[in-house]
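Structural features, examined
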Amino acid sequence: MKIEAITIREIQMPLVHFFETSFGRTYRRRILLLTAHCEGVDGWAECVAGEDPFYSSEWAESAWPTIVRYLAPAVLGKDLDSARECPALLARVRGHRMAKAALENAVWDAEAKQKKVSLWKLLGGTRTEIPCGVSIGIQDSVEQLMEKIETALAAGYGRIKVKVKPGWDVNVLEQIRSRWADITLSCDANSAYTLDQVEHLRDFDQFNLLMIEQPLWDDDIFYHARLQKQLRSAICLDESIVSARAAATALDIGACRIINIKVGRVGGFTEAVKIHNICQSQKIPVWCGGMLESGIGRAHNIALSTLPNFSLPGDVSASQRYWKEDIIAPEVTVRSQGTIAISNEAGTGYRIKEDLIEKLTVRKETIRREA
Ligand code: OSB
Ligand code: MG
């Protein structure tokens with residue numbers, strides 16, 4: 001499978017509803033999409049780098065030149081048997097995992113299409129449906145949050161995750177629990193706390209949370225281990241698990257009891273599968289995180305979530321929670337049992353709406369091998 005050219009583009013799409021975390025509010029996504037042109041087959045992927053360097057140091061404006069100047073040239077003209085060969089070709093570039101993931105995952109998509117197999121089977125998946133949860137951002141009022149939770153529960157979602165930060169945490173969790181004593185509930189701090197707030201974080205223990213996601217610094221593992229020893233609730237790490245090695249370290253020192261895998265954050269499907277396997281061998285459950293993806297990234301998250309140790313509901317929810325019209329067909333829908341059904345078609349099982357994507361595109365560049 002020869003990689004003949006790579007197209008990178010930026011599309012812009014307003015969210016149906018703003019999304020607020022401890023680091024800020026997003027109304028409109030700027031999404032980079034990659035297409036790997038491989039001998040008559042096009043593989044697509046999404047770069048999950050955000051509009052700003054707030055979730056991670058990577059952002060859309062760092063990913064674009066990294067892909068154009070370094071990553072695309074490293075794979076162009078190469079004849080690969082498998083997308084698994086990508087990480088070695090990209091290893092000279094340090095970091096920039098979201099940019100690398102976009103490129104590697106586009107090659108995975110092309111490989112699945114070329115081999116006429118479903119992407120999920122190519123990745124080693126086994127599930128025919130995946131359990132889904134929702135991630136609900138910080139709202140203008142607790143009443144609005146309660147309405148959003150009610151809507152998600154009525155739609156069948158099996159786990160509610162709410163964003164927390166100092167001033168929007170214990171009081172909010174208290175109100176949720178007094179209305180819904182038994183729902184599967186978790187929270188995500190996106191690094192909003194420090195270790196001197198241990199006593200405050202111990203207050204979260206009363207709410208029977210499935211997990212507390214990334215309470216401390218985005219680049220920390222060590223102090224999360226200290227914190228985990230002082231909490232009854234399970235810590236789940238998101239931001240700080242950037243590689244299989246980071247995951248192994250975290251499990252070694254007891255920094256968490258659950259891991260969130262985001263394929264972009266860890267540099268691509270190959271690394272994501274490694275983390276899945278490490279966790280599986282240590283009986284640590286994983287789930288698939290989300291980054292407010294368009295249908296293209298969402299379809300890839302769905303494929304990854306079919307691996308056996310993705311046993312907890314992921315942040316992989318229906319297209320309509322994010323977009324007026326998604327860029328794939330069919331759109332991602334969630335059944336009343338809170339699951340997404342997995343397609344057996346070749347590739348992702350979702351068709352790319354190229355005409356719509358063209359209309360949403362604000363810049364585009366195709367990179368070919370220099371003669
Ligand atoms: O921490 O999981 C996170 C969105 C943007 C950046 C970070 C996170 C999130 C979410 C949303 O929680 C998940 C989703 O619905 O896509
Ligand atoms: Mg998170």
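Just so you know, these numbers come straight off a predicted model, no measurement behind them.

A closer look at the sheet that holds strand β3 (residues 41-47)
Read from one edge to the other, the open sheet built from four strands follows the order β3-β2-β1-β15, with strand pairing classed as antiparallel. Across the chains shown, the open sheet's two edge strands, defined by having one partner strand only, are β3 and β15 (361-368). Neighbour-to-neighbour, the strand axes of this sheet turn through a mean angle of 25 degrees, independent of strand direction. Across the face of the sheet, helix α11 (residues 295-304) comes into contact with β2 (24-38) and β3 while running at roughly 95 degrees to β3.

A short note on the side chain of Glu-213
Relative to the helices and strands, Glu-213 is located in strand β8 (residues 212-213). Side-chain polar atoms of Glu-213 contact the side chain of Lys-161, separated by 2.9 Å.

Quick look at the nonpolar core
Formed by 131 residues in total, the largest nonpolar core has its most connected members in Ile-6, Ile-176, Phe-204, Ile-259 and Leu-304. Among the elements that make up this core, the one with the highest residue count is helix α3 (residues 97-115) (nine residues). Mapping this core onto the domain boundaries places at least three of its residues in each of domain 1 (5-116 + 353-368) and domain 2 (121-341). Apart from residues no more than four positions distant in its own chain, Phe-204 is found in contact with Val-164, Asp-169, Val-170, Leu-173, Cys-187, Tyr-193, Leu-209, Ile-212 and Ser-233.

A look at a negative patch on the surface
Negative charge collects at one region of the surface, where Glu-4, Glu-39, Asp-79, Asp-81 and Glu-85 lie side by side. Topologically, Asp-81 is positioned in the loop between α1 (60-75) and α2 (86-90).

Concerning the site of ligand 1
Neighbouring ligand 1 are 15 residues, the closest being Ser-135, Lys-163, Asn-190, Leu-292 and Tyr-322. Between Lys-161 and ligand 1, the recorded distance is 3.2 Å, taken from a side-chain N or O atom to an oxygen atom. Within the complex, the protein chains bury 97% of what would otherwise be the 390 Å² of accessible surface of ligand 1. The residue makeup of the shell around ligand 1, split by class, is five nonpolar, three polar and seven charged.

The rules we used
- Going along each chain's sequence as written, the residues are numbered from 1 onward.
- As they are written, the chains are lettered A onward and the ligands numbered 1 onward, keeping that order.
- Reporting in this predicted model follows two pLDDT cut-offs: at least 70 for local features of residues, and 80 or more for side-chain atom pairs to be given and counted; totals over whole chains, interfaces and linings ignore these cut-offs and use all residues.
- Note that the side-chain values use all heavy atoms of the structure and ignore hydrogens as well as water.
- Two strands make a pair as long as DSSP finds a minimum of two bridges between them.
- Helix and strand definitions follow DSSP, with helices as H or I runs of at least four residues and strands as E runs of at least two, each counted in order from the N terminus.
- Here, axes are lines fitted to C-alpha atoms. For helices the fit covers the stretch in contact, and angles between N-to-C directions go from 0 to 180 degrees.
- Any two residues whose heavy atoms approach within 4.5 Å are treated as being in contact.
- We call two N or O atoms a polar contact when they sit within 3.5 Å, provided that within protein one can donate a hydrogen and the other can accept it, with sequence-adjacent residues counted only if both atoms are side-chain atoms.
- Definition of nonpolar core: a set of buried residues of the types Ala, Val, Leu, Ile, Met, Phe, Trp, Tyr and Cys, connected through side-chain atoms within 4.5 Å.
- Three labels apply to residues, based on accessible area from a 1.4 Å probe with only protein chains included: buried if under 20% of the type maximum, exposed if over 50%, partly exposed otherwise in between.
- Segmentation of the chain into domains, including their bounds, is taken from an automatic or database domain assignment.
- Like charges are joined within 9 Å and nonpolar side chains (Val, Leu, Ile, Met, Phe, Trp, Tyr) within 5 Å, but only among residues with over 30% relative accessible area and no salt bridge; these make up the patches.
- Only the protein chains shown count as cover for residues, and the accessible areas themselves come from Shrake-Rupley with a 1.4 Å probe.
- Between Lys or Arg on one side and Asp or Glu on the other, a salt bridge is scored when a side-chain nitrogen of the former is within 4 Å of a carboxyl oxygen of the latter.
- For the charge count, each Lys or Arg is scored as positive and each Asp or Glu as negative, with His and the chain ends excluded.
- Think of each charge as sitting on NZ of Lys, CZ of Arg, CG of Asp or CD of Glu.
- Proximity is defined per residue: any heavy atom of the residue falling within 4 Å of a molecule or strand makes that residue near it.
- Residues are grouped as follows: Ala, Val, Leu, Ile, Met, Phe, Trp, Tyr, Cys and Pro are nonpolar; Asp, Glu, Lys and Arg are charged; every other residue, Gly included, is polar.

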